[in-house]
Amino acid sequence: ARRGPATRASEQRESSVVSMDTEVRVRVDAGEIVVLRSETCGASPVVFVHGITAHAKSFVSVVRHLTHADGWVSMNLRGRGDSLCPSDASQRGMEHHLRDLEAVLDALSIRETVLVGHSYGGFVALAAARDARLAPRVRAVCLLDSGFPRVEERPRGTSEELKVGLARAFGRLGRHFADLDAYLAYWYPDGSVSRATLSDELIEY
């Protein structure tokens, strides 16, 4: 479910931060990348990169317990959350994610970071660790339900089979829900999951 508008803090692009979930908008080639950052955010924070159908708040239950001295940053990749959503295919892809990440590090004066990537975000983190411009700033990479993309001389399965296998995830990319109740009704029509069964962190997400 795409999160609704959070507290707008576009005017707070300077170093001062007033709340734990301060929103920062970083200008990139075709629009803005929106990130969340901790109240204390130094030159070496942990940077979180979400999965293909998630957004920056997918790490909310993690960062609330993070005690890293330089804090944390959680990105909305382009196409997710409140970040730009380009319709032009030439403005999408891994290279753009890397340059967006670089722009975020520059805007927040981040010297080095530990990148935490979940699922597709792990691919972005690994690519950053191999990128000539970003690698010197990546101290370590932590992968959550992710790994190295498979490279084979003879890929397993046909392209059509691969499309079918990813159809559910890709289908979620363009889906919008009016509110949390509509989201839960779609995924849990039997009512087995409701607001009452969710933690505050999951409701916020």
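To keep things clear, this report deals only with the structure shown in the data block. Residue positions are given per chain, counted from 1 along the sequence in the order it is written. Owing to the predicted nature of the model, reporting of local features is limited to residues with pLDDT of at least 70; listing and counting of side-chain atom pairs is limited to 80 or more, with chain, interface and lining totals taken over all residues. Only hydrogens and water are removed before side-chain values are computed, so all heavy atoms of the structure are retained for them.

Here we look at the packing of helix H2 (residues 94–107) against helix H3 (residues 120–130)
Now for step 1: Two numbers describe how H2 lies on H3: the axes approach to 10 Å, and their chain directions differ by 70°. Comparing their axes, H3 and H2 come out roughly perpendicular. Listed contacts from H3 to Met94, His97, Leu98 and Leu101 of H2 are Tyr120, Phe123, Val124, Ala127 and Ala128.
Now for step 2: Only Asp, Glu, Lys and Arg are considered charged in this grouping, and only Ala, Val, Leu, Ile, Met, Phe, Trp, Tyr, Cys and Pro are considered nonpolar; every other residue, Gly among them, is considered polar. In the contact of H2 with H3, the residues fall into eight nonpolar, one polar and no charged. Here an angle of 0 to 180 degrees is reported between the N-to-C directions of two axes, which are lines fitted to C-alpha atoms, with helices fitted over the stretch in contact. Numbering goes from the N terminus for both helices and strands, where a helix is a DSSP run of H or I of at least four residues and a strand is a run of E of at least two. An angle counts as roughly parallel when it lies under 35 degrees, as roughly antiparallel when it exceeds 145, as roughly perpendicular when it falls between 65 and 115, and as oblique in every other case. Note on contacts: a residue pair qualifies if any of its non-hydrogen atoms lie within 4.5 Å across the two residues.

Things to note about the sheet that holds strand E6 (residues 138–144)
Now for step 1: Taking strand neighbours across the sheet as the criterion, the six strands line up as E1-E2-E4-E3-E5-E6 in an open arrangement whose pairing is mixed. In the strand order of this sheet, the two ends are held by strand E1 (22–28) and E6, each with one partner. Across this sheet, the average inter-strand angle for adjacent strands is 25°, counted without regard to direction.
Now for step 2: Note on pairing: two strands pair once DSSP finds at least 2 bridges between them. Relative to strand E4 (residues 72–75), strand E2 (residues 31–37) is paired through three bridges, and the arrangement is antiparallel.

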